[in-house]
Amino acid sequence: MQHLLNMTLDDKSIFDHAQQFQRQLHNVLLPYTVFSALPPNTSVTANMTNLWAMPVFRECATSHMASIVAWGTTLMPSERLLMQVVQETMHEICCVAMKI
C-alpha cells in the first residue's frame, strides 16, 4: 500500500492511480469482510445504535489473534501478556473504527 501512496503520477493519471489503490485496499480487506452485516434501512434510530456492526467488530477484534489464542495454554507467561496487550489494542482500534 505504501508504494501506491508514494508513487509519482507522471506516467499515470490520477484516476488510474486511485483505481489501483482501491483494488489493492479491497483485496487487503476482503478476508475480513462480513457480508451479512448491513445497516438496516428501515430506521434511522436502528442505524445510530450500530448493533448491525457487531459482527464486523468481532471479526476485526479477533481475527488477527485467533490462531495464537488457540495456543493459549502452551504460551509462556510473557507471551500470554503480549497476546493480551495485542488483543486489548485490537479491541480499542476496532471500537474506534466501528464507532462502537
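In what follows, the structure referred to is the one given above.
The rules behind these values
- Residues numbered from 1 in each chain as written.
- Predicted model: local features only at pLDDT ≥ 70, side-chain atom pairs only at ≥ 80, totals over all residues.
- Heavy atoms only, no water.
- Core = buried A, V, L, I, M, F, W, Y, C linked by side-chain atoms within 4.5 Å.
- Buried < 20%, exposed > 50% of the residue type's maximum accessible area, 1.4 Å probe, protein only.
- Helix = DSSP H or I, 4+ residues; strand = E, 2+ residues; numbered from the N terminus.
- Disulfide = S-S within 2.5 Å.

(A) How the structure looks around the nonpolar core. One finds A37, A53, V56, F57, A61, M90, C94, C95 and M98 forming the largest nonpolar core, which totals nine residues. At four residues, the largest contribution of residues to this core is made by helix α6 (residues 77–98).

(B) Examining the state of the cysteines more closely. Enumeration over the complete set of coordinates arrives at one disulfide. Covalently, C60 is tied to C94 through a disulfide, its sulfur atoms 1.9 Å apart. Taking the sign of the torsion about the S-S bond as the criterion, the disulfide between C60 and C94, at about -80°, is left-handed. In this pair, C60 is assigned in helix α4 (residues 54–62) and C94 in helix α6, connecting sequence segments 34 residues apart. The exposure class assigned to C94 is buried, which follows from its relative accessible area of 0%. A disulfide-free cysteine, C95 has its sulfur positioned 7.5 Å from the sulfur of C94, the nearest such atom. Residue class for C95 comes out buried when judged on its relative accessible area of 14%.

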